[in-house]
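Listed below, chain by chain, are the residues.
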Amino acid sequence: MSILYVSPHPDAFPSLRALIAARYGESGPGPGWGGPPPRVCLQPPPTSGTSIPPPRLPVLEQGPGGLRVWGAAAVAQLLWPAGMGGPGGSQGATLVQQWVSYADGELVPAACGATLPALGLRNPTQDPQAALGALGRALGPLEERLRVHTYLAGDAPTLADLAAVTALLLPFRYVLDPPARWAWGNVSRWFMTCIQQPEFRAVLGEVSLCSGARPVPQQSGSEASGPPKTAAQLKKEAKKREKLEKFQQKQKNQLHQPPPGEKKPKIEKKEKRDPGVIIYDTPTPPGEKKDVSGSMPDSYSPKYVEAAWYSWWESQGFFKPEYGRASVSEPNTRGIFMMCIPPPNVTGSLHLGHALTSAIQDSLTRWHRMRGETTLWNPGCDHAGIATQVVVEKKLWRERGLSRHQLGREAFLQEVWKWKNEKGDRIYHQLRKLGGSLDWDRACFTMDPKLSAAVTEAFVRLHNDGVIYRSTRLVNWSCSLNSAISDIEVDKKELSGRTLLSVPGYEEKVEFGVLVSFAYKIQDSESDEEVVVATTRIETMLGDVAVAVHPKDPRYQHLRGKSVMHPFLLRSLPVICDEFVDMEFGTGAVKITPAHDQNDYEVGQRHKLEAVSIMDHRGNLINVPPPFLGLPRFEARKAVLAALKDKGLFRAVKDNPMVVPLCNRSKDVVEPLLKPQWYVRCGEMAQAASAAVTRGDLKIVPEIHQKMWHSWMDNIRDWCISRQLWWGHRIPAYFVSVNDPGVPPGEDPDDRYWVSGRSEEEAREKAAKEFGVSPDKISLSQDEDVLDTWFSSGIFPFSIFGWPNQTEDLSIFYPGTLLETGHDILFFWVARMVMLGLKLTGKLPFKEVYLHALVRDAHGRKMSKSLGNVIDPLDVISGLSLQGLHDQLLNSNLDPNELEKAKEGQKADFPNGIPECGTDALRFGLCAYTSQGRDINLDVNRILGYRHFCNKLWNATKFALRALGDGFVPSPIPQASSQESLADRWIKSRLSEAVGLSNQGFHAYDFTTVTTAQYSFWLYDLCNVYLECLKPVLSGTDQAAADSARQTLYTCLDVGLRLLSPFMPFVTEELYQRLPRRGPQAPPSLCVTPYPEPSEVSWKDPEAEAAFELSLSITRAVRSLRADYNLTRSQPECFLEVADEATGAQASAVSGYVQALSNTGPVTVLLPGIPAPQGCAVGLASDRCSVHLQLQGLVDPARELAKLQAKRGEAERQAQRLRERRAVPDYATKVPSQVQESEEAKLQQTEAELKKVDEAIALFEKML
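Residues numbered from 1 in each chain as written. Predicted model: local features only at pLDDT ≥ 70, side-chain atom pairs only at ≥ 80, totals over all residues. Heavy atoms only, no water.

As for the overall build of the chain
Move 1: A tally of regular secondary structure across the chain gives 41 helices and 37 strands.
Move 2: Counting the 1264 residues in the chain, one finds 54% classified as buried.
Move 3: Within the chain, residue pairs in contact and separated by at least 24 positions form 77% of the contacts whose partners lie at least 6 positions apart.
Move 4: Surface accessibility of the chain: about 56,600 Å² in total, with carbon and sulfur atoms responsible for 52%. (Helix = DSSP H or I, 4+ residues; strand = E, 2+ residues; numbered from the N terminus. Buried < 20%, exposed > 50% of the residue type's maximum accessible area, 1.4 Å probe, protein only. Contact = heavy atoms within 4.5 Å. Areas by Shrake-Rupley, 256 points an atom, 1.4 Å probe, with all protein chains shown as cover.)

In structure tokens, the structure reads:
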């Protein structure tokens, strides 16, 4: 038995780290070392009786004489689940190891150093203020990493997160108060996300975070139990408290500093308006161009930026394919791009799935439009048969107390149309809010006359061809809706065992998740022999027609040809043999109910068994004897069970994990019922659709979905298209009655007595011809049912263009270019569009299908109202308080328990509500998240990070406009100049790289590559580097260099904004309209301005990038030294020591850039062989250049020496522990290889740190 020895102290974070790792080992595939979970012991391990000191907790012992491992890192590595250390592969494992090493080497010392003084355990040799500074520097890399990542390595917690979170437990409990946590927002968000994971919560419980000043804990034997204190003692303690309060205030000031690389926020005066709520208040009638003649506001505000632009774009026709040409038929050498929107439900409200779809589709549409293609993104809306009918029925009952049957079909449909005309455009408004560049003049509704005519035409053609037919089969039936429903409208609720569920129409909850066993007596058996069967739906035994066993089951060979007696019915049930029976499950005997179970139905078809329906459309029992006749199905469940017990046939009931099918509209339990319905024969159409992908005619991206495509097509079943509703396309089929004695009356399932027609007259002529009688002898009754909504959606790509009429739009835009949607409806919608398109038009409806991922919350959970994690994208755009989120839940029909759970979820994820992020940040963030083949764990804090990015764009453009000046005139075309500096060439080369990656990414639907390239160019290349290099040039005396720099700066803004425009249409339009134009023929809007092509910006310059890289590497070395020695405000002199004259010349050429980028004093390049002055800190820029930063007079050598000596002591102890651990006998054979690699890397890192500390000590000793 393995034992894990841990400390019982609640703040012993190394032991907590091991315990959490053990929890993950239990919940995952098992600990990495392969053994069972260990027993936990809250004490040190027994001593060995040797002179070797006892190991530090935690300690893991794998049984007597087994492996003994100690230390948090090694123990956690062993306990963590195998294969869960990183995002995959050696690269992921390396990334995890890097952050584990950082946590142990940097975070732990910094966290302890900053926390212990707050606990009254101050080390007299340690400066508390320096300790806080060290904590801030240690948090800096985490803050930067977590700015764009939910976790440190991968999409779920790893060993890296475990090591870092436990290292920071003490600061978050005792030092980091709310303002400090706000300053380190990304770290705080990540910390809270991790400690909310079940494995963390199981060990940590509720983590109490620091709320402010904390009293110093009393030691045992404190003043409370001692003698009264003298006045002198009390005075002395008062002074101590005063010093402590000052110290705590310093802590706050130190910790509230922003992360490294960010400027300290200015304190706004109270009378100033919050820049976050700046609004555009210039009177601008809808459709007119926004006035940008005024000065730019001080900071970016989404409300200001997004005002007025959309209505102007729409009024100018920028979104229409006709823009810029006489008609859509006019030839365009750039090509045609056509995509139709996945039609959202008319009842729907925008959710994040819609927002992701819209962001991707609009970005692609805008990119193709800017490339000069004839571009159409066609909007539309789905009539959503079931959803809309339910909404209007509830409204009728609530307002007038009427059901649809009381109102009548025609009057009810009038009410639905009235509701649609009043409420149905809401989702169009929301799509406009998201910036969707759809051609609204071509918007379609699936119940419009044009589309309804196409639906009728499609049905009639398919029925004439025998593709649509009438048949009685099992369907998914909702008793509440009195309708068949499609598979996608069935939610599968998983139960682990006995569960009580609320079912519409029943006052008491109904029991599910149990398996009831009962006996059937063998007919004519002299020994009272019986066969025991089991079922989860005991009421269906009233419809049993046989008992099945496996033909090879030796237990039942003697029962071949025999029957069992039904206890409540006057019939015997044959014992049949069928290989579908699982001999290992239960007794190996299965009851067969063909009318109420799909598997049983197929068995019944094979053995020609009668299918006895025992439920009507309301779920009440029929075709059964009293006392069961007329009982609701779940009342009958209890009655049948009681009757079996009375007859002595009940055998057992036990918990049984199962899946309960629920109607996602009514929440009713779905029943398989036999109903005559209309079906689409899918076999041949599916083969054609599968072959299209195999040939490459239809491309599915990502390719991982192609396997699923072929699997579905190979195993497809015929499609039930009947729905027992009133709202929808009424089926154009008519049942025929012939007033002629020579023609016998027909039955509903008989397909011969059904005809279809585009009109009743056409159907009558067909019937007369079919039965050889005159039309006056034909009576027709139209089917009351409507078609499945997916049928009209399946022909959407061509019905929107007027098919079957040969319109101009149909000839130009069909087939379309692309279908973009979520992978969850690949079969329900995409496959049906392909099948129906090929069958009815002979053409594929589109050439490519791009399937994006599904959106989950930041913790990887499915969006669910009951979890409180459903996010309305409009709330992300405009912001919403926590109370506002709670108020939305009140209208969501959650029961009280779910409501409280949802509120707690909202409070945990959004303690301060959802911040205002704006449309551009939301769109860019969603596209940046999109990696092919993966679900998206959406963290709103990352979206907020992209709002800060918008602010960077704003400030950069504002600075650039000032730098360009009012009289600046850009050159007609961007071109190289002899006056271009190295920085000019470098930034143009980086811009060329961003343009190339953006176009490649758009072509490949690799949105992460596109957004990363654009983000990196704007933030890291332009803002962080080039603009800083530009400042001394613009303020210098070389006018030619300044003019050249201005042209380069303008080019960067012009091309950079065009690059970003598809993702961020509002802010880029706002900024672009403020730039001067290259000529009078420039397009009026950025959204119709040409997208940058690689041929336009062929400025790739590897030589310039290599030369400029030296300045960047020197700058990084200088910044590192400044951080090491806390030189935040001073400008120390910098000396560059080079290996040869060539490197010296290169360094001299970039010395000005180094000074501008690193904010140092003069930068001097030393000739080879000349040493740097005394008192310099040394850093390495490259193998041929080292940086010397003058510290003389800027730091206190004695004070720095004391800190370094303490740091060296701790590093030496850590290195010695690692050496001793590696020297243990059998270490190489008993310790897992990954642990050995980890400890070797940690030892190398510690020894490198020791070397660095020794060099610094030598430096400061010389300065004394």
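Concerning the sheet that holds strand β2 (residues 39-41)
Move 1: The strand order across the open sheet built from four strands is β2-β1-β3-β4, with neighbouring strands paired in mixed fashion. Each edge of the open sheet is held by one strand with a lone partner, namely β2 and β4 (68-70). On average, each strand axis in the sheet is inclined to that of its neighbour by 20°, with strand direction left out of account.
Move 2: Judged from the three bridges that link them, strand β1 (residues 2-5) and β2 form a sheet pairing that is parallel. If you follow L4 over to β2, its bridge partner there is V40.
Move 3: Where helix α2 (residues 72-79) meets the sheet, it contacts β1, β3 (59-62) and β4, and its direction lies at approximately 125° from that of β4. (Pairing = 2+ DSSP bridges. Axes fitted to C-alpha atoms, helices over the stretch in contact; angles between N-to-C directions.)

Side note on the packing of helix α35 (residues 1039-1060) against helix α36 (residues 1065-1072)
Move 1: It is at 9 Å that the axes of α35 and α36 come closest, and there the two elements cross at 155°. Taken together, the axes of α35 and α36 are roughly antiparallel relative to one another. Viewed along their axes, α35 and α36 form a crossing whose handedness is left-handed. Here D1054, L1057 and L1060 of α35 lie close against α36, whose contacting residues are T1068, L1071 and Y1072.
Move 2: For the contact of α35 with α36, the residue count by class is four nonpolar, one polar and one charged. (Parallel < 35°, antiparallel > 145°, perpendicular 65-115°, else oblique. Left-handed = near helix turned anticlockwise from the far one by under 90°. Nonpolar A, V, L, I, M, F, W, Y, C, P; charged D, E, K, R; others polar.)

Some points on the confidence of the model for the chain
Move 1: The predicted model of the chain averages 86 in pLDDT, with 90% of residues at 70 or higher.
Move 2: Within the chain, no element has a lower average pLDDT than helix α10 (residues 231-255), which sits at 52, and none a higher one than α36, at 98.
Move 3: Confidence drops under a pLDDT of 50 for residues 259-276, and excluding neighbours within four residues, the segment shows 16 contacts in the predicted structure. (pLDDT = per-residue confidence, 0-100.)

Concerning helix α38 (residues 1141-1158)
Move 1: With 18 residues, α38 extends 24 Å between its outermost C-alpha atoms, agreeing within 8% with the 26 Å of an ideal straight helix rising 1.5 Å per residue.
Move 2: The sharpest bend along α38 measures roughly 50° and falls at V1150.
Move 3: Of the positions making up α38, those classed as buried are T1143, G1144, A1147, V1150, S1151, Y1153, V1154, L1157 and S1158.
Move 4: Looking at the residues trailing α38, positive phi occurs at N1159, about 55°. (Expected span 1.5 Å × (residues − 1). Bend = angle between axes of the 7 residues up to and from the residue.)

Overview of the pairing of strand β16 (residues 546-549)
Move 1: Burial along β16 is two-sided: A546 and A548 facing one way and V547 and V549 facing the other are all buried.
Move 2: Relative to strand β19 (residues 589-592), β16 runs antiparallel, the two being bridged by four bridges. By the bridge assignment for β19, V549 is matched with A589.
Move 3: As paired elements, β16 and strand β18 (residues 572-577) share three bridges and run parallel to each other. Across the sheet, the residue bridging to V549 is C577, located in β18.

Points about the packing of aromatic side chains
Move 1: For the structure on display, the rule yields 52 aromatic pairs.
Move 2: Here the aromatic rings of Y946 and Y1015 are separated by 5.8 Å at their centres, their planes lie at 85°, and the arrangement is edge-to-face. Of the two residues, Y946 is situated in helix α32 (residues 940-964) and Y1015 in helix α34 (residues 1007-1034); the sequence distance between them amounts to 69 residues.
Move 3: For Y946, a relative accessible area of 6% translates into the label buried.
Move 4: Sitting over the face of the ring of Y280, K290 holds its NZ or CZ atom 4.8 Å from the ring centroid.
Move 5: Just above the ring of Y929 sits the side chain of R942; from NZ or CZ to the centre is 4.1 Å. (Phe/Tyr/Trp six-rings, centres within 6.5 Å; stacked < 30°, edge-to-face > 60°. Lys NZ or Arg CZ within 6 Å of the ring centre and 35° of its normal.)

Concerning the pairing of strand β5 (residues 336-340)
Move 1: Summarising burial for β5: four of the five residues are buried, a large majority.
Move 2: Where β5 lies against strand β6 (residues 374-378), five bridges are found, and the strand directions are parallel. Bridge pairing links I336 to T374 in β6.

As for α32
Move 1: Here α32 is 25 residues long and its end C-alpha atoms lie 36 Å apart, about the 36 Å a rise of 1.5 Å per residue gives.
Move 2: With 18 of 25 residues buried, α32 lies mostly within the body of the structure.
Move 3: Just downstream of α32 lies G965, where phi reads positive at about 85°.

So, the environment of E1109
Move 1: Here E1109 shows up in helix α37 (residues 1102-1124).
Move 2: A relative accessible area of 35% means that E1109 is categorised as partly exposed.
Move 3: In sequence terms E1109 and W986 are 123 residues apart; their C-alpha atoms lie 9.2 Å from each other.

Notes on the pattern of salt bridges
Move 1: Taken as a whole and judged by the stated rule, the model has 75 salt bridges.
Move 2: Here R537 ties to E671 by a salt bridge, and the two come within 3.0 Å at their closest N and O atoms. Of this pair, R537 sits in the loop between β15 (530-535) and β16 while E671 sits in strand β22 (residues 671-680), and the two are 134 residues apart along the sequence.
Move 3: Of the residues examined, R537 reaches a relative accessible area of 18% and is grouped as buried.
Move 4: Here D1054 and R1058 are joined by a salt bridge, their closest N and O atoms 3.2 Å apart. (Salt bridge = Lys/Arg side-chain N within 4 Å of Asp/Glu carboxyl O.)

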